[in-house]
Amino acid sequence: AIGVADGVGQWREQGIDSGEFSRALMQASLQYATSSFSERKSASSLLVSAAAAVASEKVPILGSSTACVLTLDQSTGIASIANLGDSGVLIGRWQKAGVSRAGEEVRSGPRVVFRSPQQEHEFGYPFQLGHHSVADHPSTAQMFDAVLEEGDLVVMGSDGVFDNLTDSEILAEAFRHVSLHQEEQE
């Protein structure tokens, strides 16, 4: 399982560390994901469990956060994804040169296999988990399944990544680092 959470920065205006809530959310996700390795957990159950754990803290953690979690069933290669807000996941695959089904020439390079869409109430107001009364419930997260293949790259990030780089730029950089790492090992 992997995940990313991005604390909503507007809490700073009220003297609240927006990162504290997102860190607690990911820590609770980790605890649930590793609580029993023999039991397969969906991304949805991970997000629901983590949100409930943070909400039940004896000392409430103030703030709110977007979140995206992914669990992988290694026997099938199916990634279960739960995305709430404008954090997200991008899955890329290296495409070899050849001819497409439509007869068009295809160049080698990374291609997008899956990209989670942003989930916003309105522009600049993403869905978010939080302590406040208008926070979204984890059940409102968008759910997806994606089939992964050996060699695929999974990039998780916040809107800070996805708002400032194109999917092509992200994948080109990620695959460049993988190839550099592979060259170092050889």
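Here is a short report on the structure shown in this document.

Rules and cut-offs
Residues numbered from 1 in each chain as written. Predicted model: local features only at pLDDT ≥ 70, side-chain atom pairs only at ≥ 80, totals over all residues. Heavy atoms only, no water. Helix = DSSP H or I, 4+ residues; strand = E, 2+ residues; numbered from the N terminus. Buried < 20%, exposed > 50% of the residue type's maximum accessible area, 1.4 Å probe, protein only. Contact = heavy atoms within 4.5 Å. Lys, Arg positive; Asp, Glu negative; His and termini not counted. Charge placed at Lys NZ, Arg CZ, Asp CG, Glu CD. Polar contact = N/O pair within 3.5 Å; in protein donor to acceptor, adjacent residues only side chain to side chain. 1 Å grid on protein atoms, 1.4 Å probe; cavity = no way out; pocket = protein on both sides within 12 Å on 5 of 7 lines; lining within 4 Å. Points joined across faces, edges and corners; volume = space filled by probe spheres on them. Nonpolar A, V, L, I, M, F, W, Y, C, P; charged D, E, K, R; others polar.

We now examine the overall build of the protein chain. Helix and strand content of the protein chain: four helices and twelve strands. Expressed as lengths along the three principal axes of its C-alpha atoms, the size of the protein chain is roughly 60 × 40 × 35 Å. Across the 186 residues in the protein chain, those meeting the buried criterion constitute 40%. Within the protein chain, contacts between residues separated by at least 24 positions form 66% of all contacts whose residues are at least 6 apart in sequence. Positive and negative side-chain charges in the protein chain, numbering 12 and 25 respectively, have mean positions lying 5 Å apart.

Examined against the element boundaries, L30 turns out to sit in helix 1 (residues 18–33). The class for L30 is partly exposed, based on a relative accessible area of 47%. The sequence separation of L30 and I2 amounts to 28 residues, and the corresponding C-alpha distance is 8.4 Å.

Attention now goes to the side chain of S64. Looking at where S64 falls in the secondary structure, it is placed in strand 2 (residues 64–73). Looking at S64, its side chain comes within polar contact range of the side chain of Q128, at 2.5 Å. For S64, the contacting residues outside a window of four places in its chain are D6, G7, V8, W11, S18, F21, Q128, L129, G130 and H132.

Here we take up the layout of surface pockets. Rolled over the atoms, a probe with the dimensions of a water molecule shows which regions are left empty. Roughly 480 Å³ of internal volume is contained in the largest pocket. Elements represented by at least two residues in the lining of the largest pocket include exactly strand 1 (2–7), helix 1, strand 2 and strand 3 (78–84). Split by residue class, the lining of the largest pocket holds eleven nonpolar, nine polar and four charged. Roughly 280 Å³ of internal volume is contained in the second largest pocket. What lines the second largest pocket is a set of 16 residues, among which V8, Q10, G124, P126 and Q128 lie closest to the centre. Elements supplying a minimum of two residues to the lining of the second largest pocket: strand 1, strand 2 and strand 9 (125–126).

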